[in-house]
Structures are given as structure tokens and as C-alpha cells.
Amino acid sequence: MKFDTLKDNLLSLADTGLKYAKNQGAEQAEIFVSSQHSSDIQNQQGMVDAKDGSNDGVGVRVAIGKKLGFAAMSGLTKEAVKHAVSEALSVVKSVKEENVDFESFVGKSPIAKDGILDDKIVALTTEEIVSETNKLFLDAKNFDEKIISASGQTQASYGGYAIVNSEGMSGASLYTYLVYVTFVTAAQEQKRKSSFEFSVTRTMPDELNLGKDCAEKAVKLLDSKPLSFTGPLPTVWNQNVMSGYWQMSFANSINGRQVVEKNSYFMDKLGDKVGIDGLTITDDGQLPEGLNTNCIDYEGVPRRTTSVIEKGVLRSFLYDSYYGRLGKAESTGNANRGQDYESTPGISQTTIVIQPGNKKFDDIIAGIDKGIYVMDNVMGMGHSNLISGDFSVVANSAYLIEKGEIVHPLDSITIAGNLYKSFKSILEIGSDSKLLPAVKTPTIAFDGFTVVG
Amino acid sequence: MITNGHWLPSQTNNLTINYQIQFTRKMVRNLFDILRYGLDVGEKLGADYIEARLDDLQLRTLVKENQKIKETNLNRRRGIGIVAYFKGVPGYSYTANLNRNAVKACVENAFGIAKASADIASIKLDFNRREKTTKVHDLKLTVNKHPKDFELDYKLDILDRVEQASLKDVDWIKSTRALYGEFYGNKYFMNTDGDEISWEPLVVDLRISVTATGTGDTLVRGVNSKGGSKGLELFEKKDSTPEYLGEKAHERADEQREAKASPAGNFRALIDNQLGGVLAHESFGHCTEADFIITNSSALKGRLKEQIGTELVNIYDVGTPSKKHNGFWLPYDDEGTKTTKTQLVKKGILTGYLHNRASSKMFKQKPTGNARAINYRFNPIPRMKNTYFGPGDLTEEEAIEQLKEGIYAIQTSGGQVDPSEGTFLFKAVRGYWIENGEIKYPIKDVTIKGDLLSFLKSVENATKDLEISSGYFGGCGKGGQFPLPVGLGAPKLLLSEATFGGE
């Protein structure tokens, strides 16, 4: 579907589905249609993977009384929409059990703002994307002869989704984004070190040096030495690793469903001091450049900015309409669909924004007598215990800090601590905020994690 | 030949069934004709080689939590994918629209992006035309109870039974989660070599997880699952009934309540079939995928014919595993190559890699049929089929006896690997501390970490009970294609040393 008429086309198709659903006996129905066009080019060490296409489909929820059914179908034709409606109805008619907590799909409400759209991304030609990808690859590959493998990848994407339901909701949201990823492996004798860099933006980014930056990081890591130390140390985490850290910290603890089901560490701590005074965090579904910024969420509630932690005090959880009702709160516009049209809505963060402090990165390092600087990916963050908050990660890209200076890279070290308790042991919040796909964060320094190396 | 009958989704509702028939007849009658039309368009454009796939896959997910239905989802993924080669570079495009105009645009896209990329590719993915072409239609497994012939309420009943069996009248269960998944459908393949293949994949899967409160405020879990390319009769076998699976999960959770934290450090170890299977796949298998080898991204590059493990290490990757196992049945890959049983490690020596057509030519090795795509929206890339460690001859008791002192790590909740460095980290779900060749007490929070080559060189012995499993939930992820159904397996492996993390 063409981008300039996408919104109208999606809405009209969803309307067709809604009429059909009512006609077929659905008491309530919700039609979600989505179209995402992507051009993906990857050059990995000279081997090229090139793909171009549009992921289109429809997901339909229907309700008869408190019985619910869902079905999805690939494609955006009237036939596909009708097929999904029919299947959802056949599901609901054979389900015996009611979803007693279900009331209704979301009603009509005012619509918020979409994020920035960039026509230049829509207009990119295949040749331009190929050439950008190759530059990224060559910058990384040619940086140093120790680079044994390099990869450059570009994804140019645009699309949108529309939701129409029987309760009067009708809306659509559009997006554009451009992704660059580079991955490098450097080798020296038996040692191998990897590094990656990426950029994800809703608009065409300014001049980037991802390939060179990534290669430089990997090559530097080859000089790693053992830490030979076990015990608590201050650790400084750059924005890339903090992005994963915050996502894990908030995936469970402020998720309204987990609060309702009593799996959240923070469930009884609203209004309590959970972090240092300088810690202020919002979930910002209206940040214009945010990747998850939309005028409506994935069930039709307007996106908004929600204060999560204000000066260290826990202010709010994140809800969709279903768990908002159960949690005696209102939806915060955080409904998402993990697999787009193939999923029913669930709760997730939009962009977690950490209010920056006023210390520059160099000043943070300068204030540390002995500590660790962690960058890039850490292994095992995804396996943290989200109930208790305990985590233990292997950092393959870390540096030793001594007497206020970054001294040398380290062989793999293990860092263990507690995600939730760490909010109170933050030493410094940097001024260097960076926007990542679901988080906007500066560099953060923590005290008290156990380091083993 | 294709009959319309195959395409009818099971329906309970007379109102909608008329519409379904009209829909399927209209769209589906001449599927191979549509694919052939795509090939013709591509050849006229000047593509060197083209292949066209049509997937029509149906996925059902049922989730029950704390005795409440959470999800009753049905997804149908239907569409066409086109690979067009130009000067050794494949371009890929796809469409969910099955009419001629959409297919024509799709072929033009695939060819256009291949042509635009041809100049930047220094590695050319050429391969020889087939000496012998394949014409196979409607290849399928014979099962007694195909899920497409059973109504939703039959499956909801299975889900209900597994959850009920896991509950019992106790006060320490915090939550339960039961999952049922099924995946089946039809895959059609055609290329300009003259291959013409259609077959029907099938997977069913049943899982149960019990979360309980342990000592202190900790939460512990007991899990159980059974899945594979089987009909629903799988859940009638003695060790696979919903009742058996649920009760076992309950017992495991109960045992974990009193478990001590796993000690940290280096120990002798025994790893069970499931954890061993995941290590075969994750830590080893990915490193043999030819694209990782070609791009210098694998720790096993340049090690063919090298001794990488002890003499007891035999590792295979097979497309159509024996019926006595619960593997994933994959007769042809997504380049139309017949799958093989590939021995990757023989008595500790690395003997092969996993190939697509281009890499098998590049390495002068036989095709293995490992080019796979998760659905029509993705191009085929080297992926595993059913990857497993070959069995030894010990019983479980003998293995524990030979372990003498160390950790018995069981099942896994996942982990992470870096194929370029060969490093890995996996969480076991539970385990035991072994002393004097006997189980002493249950342990929890068991994390095993290490690197591939040390791991393979530490394999000291193996049991005879090879188990291979596959499933609907979870699966393999690579290049954005997740979760691809794969089978994985192992006997129980006795390791002379492994590194465990603890608190």
C-alpha cells in the first residue's frame, strides 16, 4: 500500500471487517489491520542478503457476552479480513468458558499525536540503501587488519496500523524508521572479540561513523587483561547497556498485569521512595522522535506521558484497558502487540526516558578511584530474576577504571546485583542522553555490584 | 494433485463455512500455476535462477493461567516468497496476495533488489543446476489424530487436564500456566531447475509450568512439556498424558521448594537429555551453519577433520528422525533439497557443516538440506533440522555413580551463545547435588557457562536413552526468524568438568 494513502486504506478495510463481524453475529468486535513495508540489505563479509516486501495482515477480536476469540490472517484484502472475522467467531462459539473480567473493547476518546514522519525514508531507493549498507560494511572491514568479520545492515521501513471497534473507536497511526547495524569480530592469535553498534531513528540521521566506531571498539578489546579481583566495585554503564538494564528493570516491576497478578516487586510501593533523589523517569509515548510513539496504542487508547518515578518516588504503573480496570487505575496507553497483527494486546513500555543529570561522561570516570566501565552487550541480562530483581551477567566488553581514568580492557567478567535495589545505589546520572529503541538514557554509575574476574 | 478438501479449515459454524469454501476454491485452485507464472516473469526479466514458495500455515495457541483462559488464538500465515538470483546474489520479496499482479510485482521487487546488490557482493552464491529434479506432491506424515480434524473443545480439554493435574490440594502453589500449541499446513515449492514439491508440516505441543513459593520469599518452578511432529495421540501415551505431565510438574515444583542454591565453581557434571539437546543446538549447532563459516563468524571455521571433542562425542543433524522420537519432521528444505542425516561430529572429529545449495558447492560437500525459512516473509538461510548427541551405553544410575561428586543439571529455561567466540551461558530449571555416586539433595538456580571446545572435550561418557524433542513454543531464532521449529536431543552427558555460576 502507498504511504500517503495508507491511513485511509487501512481504516476503510477495518470498517469493512467491523460491518462483516456485526453482520455475522459478533456482539463486540475489534479489527486491527497493519501494513509494514521494509527494505533490508545486509552485507556480511561480502555475502549479501537483500529483501524487500510488505508485511500485511489483520487480527480480529470478537466477543459474545464475556466469551472472547481471536484470529489473524496474513494479507490486506477484503477476503483476508473476512476470513479472520469468521475464524474468530468460530473460536468464540466453541469456547465454553467466559473471561469473567472482560467488560468491553476500548471506547472512543480523543487521539494523541503521532511521532515524526520522514518522507525521505519512504522515498529511499533500493540503490541508495545498498550503497549506505556497503559504506557501513567497508568502514568497519577496512578499519584494521585484525578485523576478521564485519557486517553492515540497513533496514528502511514505513507503515501503519488502524483499529476500529464496535464501541466507537476508530483511529490509525503511521511511522517511518531507519535502522543501521554493524557487527565486527576482531582476532589476534587465539583471542576473539566482538562489538556492535546501531542506530534506529524515525528520521534520516545526521552523518554517522558506526562502522569505524564499532571496529575500533572491537580492536581495542583485544588488549584485554584479567581483572583478578572479586568483590564489590563501582560500575559505570554506558547508554547501550543501560538500555537493556532499564528494560529488564521495568519489564515486570511496573507492568500493570504483573501488579494485578502480584508478581511485581514494586506492587505495594506506590508513593514510596524507591530510588535516589535525582532519579526521575517517565514512560513517554509522546516523545516525537521515540520509536514507540503513536497517536493511539495497539487497542486504541491515546498514547501519553506517564510519570513512573519522580525524584526517587514511585508514581505509577503501566496499564492497558483490561488490567487498568482490574488494577483500579486507568489505561496509560501502553497496549502493544508483540507480533503485530498476529497478537492480542499486552502491556509494554513505550520509551522509558531517564531525566539526565549534569555530569559529563569524563567527569563520572574522573570521580572513580577503582571501578569498571561496561559497554555493549552483556550476556545473561535477559535471564535476570524479574520477581526478585537478582541479576548476574557476563560482560565481554568492559574496561578497568583506576584513579579516574579508563586504563585497559578486561577479559570477561561477571557482574551481579539486584535491579530494583540498585535504584538506591546510583552514584551518578550522566548528562549524555541517547535515544535507543525503547529507552532514552544517559550513562549511569552504580555502587555495590559484585564483580568477579 | 491438490484437492480443495485439504484447504478447508475445521469449522463449527455453518454461517461461515460457505464463505470459506468460496474463498479457498477461488484463491487456491491452481497454486503451482501461480508459482510457475512467477518463475516465468523472473526468467523474462533476466534472473539467473528463481525459486517460488507458497506457505499456507495455521498456528493455534491456547493459554490457560490460574485456571482461566487467557488466549485462544488462531493465526493463518499464507503468502508467496520469491528468490531471484542475479550474478550470484539472491534478492527476496514476498506477498500475502495470491493474484497474478501481486506475484508479478513481487518477482520484480526480488529481481530489482538482487540486481542493485550484485555489485557490492564479493562472495557469489552460485550453485549447479540439479542433475535430477524432484516432483513430489502432498507428502505428509501418517498420524491417527491430526489436529485439523479435532475441534477446539477437544484441545481445551487437554489444556484443562494438564493444569488440573498440576494443581492438587496444596497451599504452596502461587500460579500455574498451561500452553497448547499446534502448527500445520501446506508448503509448495517450485524452481527454474524443475523441482516441484508440496508437503505438510505438523507440530503439536503441550506445556505446563507450576510456580511455587520456596523457602524464604523465593519463587521456584516445576515445568514439563511434550511436543513433536505427531498427532494428538501423542497425549495418550503413558508418559505423555496431560495427567502425567501435570503431576510431574507438580512434583518437581514441590521438590524445588526445599532446594538449596547451586554451588558456584568448577565441578564434575551430568546434564540431562533436554539441557544436552539445547547445548547440541545452541552451543555447537549454530557454529556449523555454513553462513557463519563463510563469514568468519564461527568458532568452528577451519576446523574440519580436527579433533574437537572426546571420542565419545557424536553429533548428528537429521531431517526425518525416527518415529520413536518426538523430533520435527522436515522431508525437504526451503530450497527444495531433500534433507539428509548429517553426521557433524564422529568420535570427536568435526566432519561436516550444515549447508544450503550455494555453500555445499563452495565447500565441495554433499547438500544437507538445511536452507530453511520460517514463513513466506523470509528467505531461506542455513538452519538446523533435528540436532542431537548420539547415545552411549550407561544407565542413569551408572552415570550418577560415575559422576561420584558434582552437579546433575536438568532441563533448561534458556540461555545465550556467541557463535563467533563459542561462548555460552545456560540456565537449568533444576538439579541435584551428587556425592559418593548418589543424589544428595535438590539444587536451584543452576547456571552452566563455558565455551564450546572445552565443553566437547569434557564429555566423559553418555547414557543410552537418547531423547529428541521439538515443539511449537520457543524454537530457534536467527536473522529475525523466530521461532523456527527444530528438534534437539541428547542422552545424559557425563562431563569431567563444567563451570557453574551461583549467587
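Higher on the page you've got the structure.
Please clarify how helix α2 (residues 31-45) of chain B should be interpreted in this entry.
An α-helical turn contains 3.6 residues, so a residue and the one three or four places further along point in the same direction. Residues and elements named next belong to chain B. Its 15 residues give α2 an end-to-end C-alpha distance of 22 Å, which sits within 8% of 21 Å, the value for a rise of 1.5 Å per residue. Among the residues of α2, those classed as buried are Leu31, Phe32, Ile34, Leu35, Tyr37, Gly38, Leu39, Val41 and Gly42. Of the residues one or two after α2, Gly46 is the one with positive phi, at around 110°.

What's the story with the interface of chain B and chain A in this structure? I'm lost.
For interface size, the figure often reported is the accessible area lost on association. Contacts between the two partners involve 73 residues from chain B, matched on the other side by 72 residues from chain A. When chain B packs against chain A, the two sides together hide about 6,000 Å² of surface, and 49% of this comes from carbon and sulfur. Across the chain B-chain A interface, the total number found is six salt bridges. With a shortest N-O distance of 3.4 Å, Asp101 of chain A and Lys68 of chain B are connected by a salt bridge. On the surface where chain B and chain A come into contact, there are 36 residue pairs in polar contact (both at pLDDT 80 or more). The greatest single-element share of the side of chain B that touches chain A, amounting to eleven residues, is contributed by strand β2 (residues 68-86) of chain B. Of the residues assigned to the side of chain B that touches chain A, the class counts are 27 nonpolar, 27 polar and 19 charged. Inspection of the sheet shows strand β3 (residues 67-74) of chain A paired to β2 of chain B by four bridges, in the parallel sense. Bridge pairing in β2 of chain B places Met73 of chain A opposite Arg76 of chain B.

Got a minute to help me understand the packing of α2 of chain B against helix α3 (residues 100-117) of chain B in this structure?
Helix-helix packing: each pair is described by the crossing angle between the helix axes and the interaxial distance. Residue and element names in this part refer to chain B. One way to put it is that α2 packs onto α3 with a least axis distance of 9 Å and a crossing angle of 40°. The pairing of α2 with α3 is recorded here as oblique in orientation. α3 is crossed by α2, and the crossing has right-handed handedness. On the side of α2, the interface is formed by Ile34, Tyr37, Gly38, Val41, Gly42 and Leu45, while α3 contributes Arg100, Val103, Lys104, Val107, Glu108 and Phe111.

Just checking my understanding: could you explain the sheet that holds strand β21 (residues 434-435) of chain A for this structure?
Sheet strands pair by backbone hydrogen bonding; their relative direction is either parallel or antiparallel. Residue and element names in this part refer to chain A. Strand order across the open sheet formed by six strands is β10-β9-β8-β13-β22-β21, with mixed pairing between neighbours. Pairing within the sheet leaves two strands with one partner each, and these edge strands are β10 (313-314) and β21. Here strand β8 (residues 281-284) runs beside strand β9 (residues 305-310); their pairing, made up of four bridges, is antiparallel. Directly across from Thr282, in β9, lies its bridge partner Ser307. Along the sheet face, helix α6 (residues 239-253) touches β8, β9, β13 (352-354), β21 and β22 (439-441) and points at about 125° away from the line of β22.

Would you mind showing me how to read the pairing of strand β2 (residues 47-64) of chain A here?
Each regular strand shows side chains that alternate between the opposite faces of the sheet. The element β2 of chain A is extensively covered by neighbouring structure, given that 16 of its 18 residues are classed as buried. Both strand β1 (residues 28-44) of chain A and β2 of chain A contribute to a ladder of 17 bridges, which runs antiparallel. Paired with Gln28 of chain A across the bridge in β2 of chain A is Ala63 of chain A. The pairing of β2 of chain A with strand β3 (residues 89-95) of chain B spans four bridges and is classified as parallel.

Parameters and conventions
- Residues numbered from 1 in each chain as written.
- Chains lettered and ligands numbered in written order.
- Predicted model: local features only at pLDDT ≥ 70, side-chain atom pairs only at ≥ 80, totals over all residues.
- Heavy atoms only, no water.
- Helix = DSSP H or I, 4+ residues; strand = E, 2+ residues; numbered from the N terminus.
- Expected span 1.5 Å × (residues − 1).
- Buried < 20%, exposed > 50% of the residue type's maximum accessible area, 1.4 Å probe, protein only.
- Contact = heavy atoms within 4.5 Å.
- Buried area = accessible area lost by both parts, 1.4 Å probe.
- Salt bridge = Lys/Arg side-chain N within 4 Å of Asp/Glu carboxyl O.
- Polar contact = N/O pair within 3.5 Å; in protein donor to acceptor, adjacent residues only side chain to side chain.
- Nonpolar A, V, L, I, M, F, W, Y, C, P; charged D, E, K, R; others polar.
- Pairing = 2+ DSSP bridges.
- Axes fitted to C-alpha atoms, helices over the stretch in contact; angles between N-to-C directions.
- Parallel < 35°, antiparallel > 145°, perpendicular 65-115°, else oblique.
- Left-handed = near helix turned anticlockwise from the far one by under 90°.

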